[in-house]
Amino acid sequence: MSVRHGLLALLAEQPRYGYELRGEFEARTGSPLNVGQVYTTLSRLERDGCVTASGASETGQRYYQITAVGRAEVTQWFTTPVRREDRPRDELAIKLALAVGSEDVDMRAIIQAQRTDSLRALQDYTRLKVRAGAQGTDDLTWLLVLDAMVFQTEAEVRWLDHCETRLVQARRPAPLHQPAGEGAEVTR
Amino acid sequence: MSVLVLDSVVRTHGAGEGKVNALQGISLSVAPGELVAVMGPSGSGKSTLLHLAGGLDQPTSGRVLVEGTDLGGLSGKELARVRRRSVGYVFQDFNLVPALTAAENVSLPLELDGTSARKARKQALESLADVGIPELADRFPDDMSGGPQQRVAIARALVGERRLVLADEPTGALDSTTGEAVMALLRARCDAGAAGVLVTHDARHAAWADRVVFLRDGLVTDESVYRAPEEALRT
Ligand SMILES: Nc1ncnc2c1ncn2[C@@H]1O[C@H](COP(=O)(O)OP(=O)(O)O)[C@@H](O)[C@H]1O
Ligand SMILES: [Mg+2]
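A quick note: this is a predicted structure, and the numbers were derived from the prediction, not measured.

Definitions and cut-offs
- Residues numbered from 1 in each chain as written.
- Chains lettered and ligands numbered in written order.
- Predicted model: local features only at pLDDT ≥ 70, side-chain atom pairs only at ≥ 80, totals over all residues.
- Heavy atoms only, no water.
- Buried < 20%, exposed > 50% of the residue type's maximum accessible area, 1.4 Å probe, protein only.
- Helix = DSSP H or I, 4+ residues; strand = E, 2+ residues; numbered from the N terminus.
- Arc of directions from axis to C-beta.
- Contact = heavy atoms within 4.5 Å.
- Salt bridge = Lys/Arg side-chain N within 4 Å of Asp/Glu carboxyl O.
- Pairing = 2+ DSSP bridges.
- Axes fitted to C-alpha atoms, helices over the stretch in contact; angles between N-to-C directions.
- pLDDT = per-residue confidence, 0-100.
- Near = heavy atom within 4 Å.
- Polar contact = N/O pair within 3.5 Å; in protein donor to acceptor, adjacent residues only side chain to side chain.
- Areas by Shrake-Rupley, 256 points an atom, 1.4 Å probe, with all protein chains shown as cover.
- Nonpolar A, V, L, I, M, F, W, Y, C, P; charged D, E, K, R; others polar.
- Parallel < 35°, antiparallel > 145°, perpendicular 65-115°, else oblique.
- Patch = residues over 30% accessible without salt bridge, like charges linked within 9 Å, V, L, I, M, F, W, Y side chains within 5 Å.

## Topic: helix α2 (residues 76–85) of chain B
Residues and elements named next belong to chain B.
And step 1. Within the span of α2, buried status applies to Leu79, Ala80 and Val82. Down the axis of α2, the smallest arc covering the buried residues is 160 degrees, so these residues share one side.
And step 2. Contacts from the buried residues of α2 go to β4 (61–66) and β6 (87–90).

Have a look at this one:
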């Protein structure tokens, strides 16, 4: 429910137009939202009594304001730890789990492709961090978001290393690549 | 011109039954200003690659060039000189001489190479300042914690004219923030014109590199090249 609570958190700071919410959410979290998502979420929030919409600008934009119910919900959200099982299903875990059972899929190639992709993302986040630091940006929000992405991606790479080790230990022959050397193990 | 070139490098240990193909044909070039990270399972050939690049070991076949010089064509004496003048090596366990101060550790390779003691000390102090610890020049390694010790080791690896820095798990013995600081330092030295090769198992540290090369069983299996940061968040 991160979009719902994200929008509520922004409205808890100050009332805003819908389009403003979208821009602010993207700028602060680095995570894109489509217009449809914003407006369906806002209408649900309005239905649930978490926000009220007032007036309309010349261009027909509605102005949203948080209610006491909305404030209570956002406080609850901020103070409740995020449980892993509440997050969206991890497509990668599902993909690998299914690959284990498919004889003609090269698991090591899948793992390596994913690892390379994750490393590339990590390289990008690291440069963004360095750049933010070099510019003396004291945009703590931005740095925290980048750190979160860095650590999540690192965890993914470690997990991929672990998967590969398990795979090598299980000595499952890789159909397209040559088999690993005896007793090879992932560093860690 | 590339500072380091590995051209179809093969390294085989032993013969017959016990034969180990540590590297099975690796080609890699590292340009000035470039930091390359090498990752891979243990036994995949990472340290062998670094030893060859630093002239500490010779390939079974293929060529290793440092600043255009083919290391294979050098006498032992010439090779030792290239190692002192062109190559800086950073070890996981720092490898500092405990009986020498930080400045003496850094100036040692210069003095071995015939630089006068005064000039060597001056360059050592500059190098220690570059890595952010000018005040530790006259301290002994045992009086420092791991972070500063590794900084001294990096200062030693980069003192003088050396353009190639090779680092084998340089952050392995450090906590995560100190490790990050060491990476920032390596990055800065490469941005200032050095060429670097870093062996690490830590993805967060490898991510400081321009290129990440993945080794498996002595072969490059994949490579991740840095893109412009503007593209990073569009995925
Ligand atoms: N001096 C040596 N004699 C015999 N085999 C060696 C020697 N050095 C390394 N090897 C073997 O070569 C392979 C690569 O080793 P290394 O380069 O140390 O790998 P890594 O640093 O990736 O763990 C391993 O199988 C290792 O056992
Ligand atoms: Mg090694």
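## What to know about the pattern of salt bridges
And step 1. Using the criterion set out here, one finds 27 salt bridges over all chains in the structure.
And step 2. Here Glu73(A) and Arg4(A) are joined by a salt bridge, their closest N and O atoms 2.7 Å apart. Pair noted here: Glu73(A) is in helix α4 (residues 68–79) and Arg4(A) is in helix α1 (residues 2–13), with a separation of 69 residues, a long-range link.
And step 3. Taking the relative accessible area as the measure of exposure, Glu73(A) reaches 21% and is therefore partly exposed.
And step 4. The shortest N-O distance in the salt bridge between Lys122(B) and Glu126(B) comes to 3.4 Å. Taken as a pair, Lys122(B) and Glu126(B) lie in helix α4 (residues 117–130) at a separation of 4 residues, close to a single helical turn.
And step 5. You can call Glu126(B) partly exposed: its relative accessible area is 42%.
And step 6. What you see here is one network of salt bridges that share partners, running through Arg108(A), Arg115(A), Asp161(A), Glu164(A) and Arg216(B).

## Comments concerning the sheet that holds strand β2 (residues 20–30) of chain B
All names here are of chain B.
And step 1. Strand order across the open sheet formed by 4 strands is β2-β1-β4-β5, with antiparallel pairing between neighbours. Looking along the sheet, the strands with just one partner apiece sit at the ends: β2 and β5 (69–70).
And step 2. Pairing geometry for strand β1 (residues 4–13) and β4, over 5 bridges, is antiparallel. Note that in β4 the partner of valine 10 across the bridge is serine 61.
And step 3. Contacting β1, β2 and β4, helix α1 (residues 46–53) runs over the sheet at an angle of about 125 degrees to β1.

## Side note on the confidence of the model for chain B
And step 1. For chain B, per-residue confidence averages 91 on the pLDDT scale, and 96% of positions sit at 70 or higher.
And step 2. At the level of chain-chain contacts, confidence expressed as ipTM amounts to 0.78, with global pTM at 0.76.

## Description of the site of ligand 1
Residue and element names in this part refer to chain B.
And step 1. Around ligand 1 sit His13, Val20, Ala22, Pro41, Ser42, Gly43, Ser44, Gly45, Lys46, Ser47 and Thr48, and those are all the residues in its vicinity.
And step 2. Glycine 43 places a polar main-chain atom, nitrogen or oxygen, 2.7 Å from an oxygen atom of ligand 1.
And step 3. One nitrogen or oxygen atom from the main chain of serine 47 is found 2.9 Å from an oxygen atom belonging to ligand 1.
And step 4. Considering ligand 1 on its own, with 560 Å² of exposed area, one finds that the protein chains cover 56% of that surface.
And step 5. Only β2 and α1 provide two or more residues apiece to the shell around ligand 1.
And step 6. The greatest single-element share of the shell around ligand 1, amounting to 3 residues, is contributed by α1.
And step 7. Residue composition of the shell around ligand 1, by class: 3 nonpolar, 7 polar and 1 charged.

## Topic: the packing of α1(A) against helix α2 (residues 18–29) of chain A
Residues and elements named next belong to chain A.
And step 1. Packing of α1 against α2 brings their axes to within 10 Å, and their N-to-C directions diverge by 105 degrees. The angle between α1 and α2 places the two elements in the roughly perpendicular class. Of the residues in α2, those in contact with Ser2, Gly6, Leu7, Leu10, Leu11 and Glu13 of α1 are Leu21, Glu24, Phe25 and Arg28.
And step 2. Its residues assigned to classes, the contact of α1 with α2 shows 5 nonpolar, 2 polar and 3 charged.

## Details of a nonpolar patch on the surface
And step 1. Together, Tyr19(A), Val35(A) and Tyr39(A) line one region of the surface with nonpolar side chains, adding up to about 270 Å² of accessible area.
And step 2. As for its placement among the helices and strands, Tyr19(A) is situated in helix α2.

## What to know about the pairing of β4(B)
And step 1. Here β4(B) pairs with β5(B) via 2 bridges, running antiparallel. If you follow Leu65(B) over to β5(B), its bridge partner there is Asp70(B).

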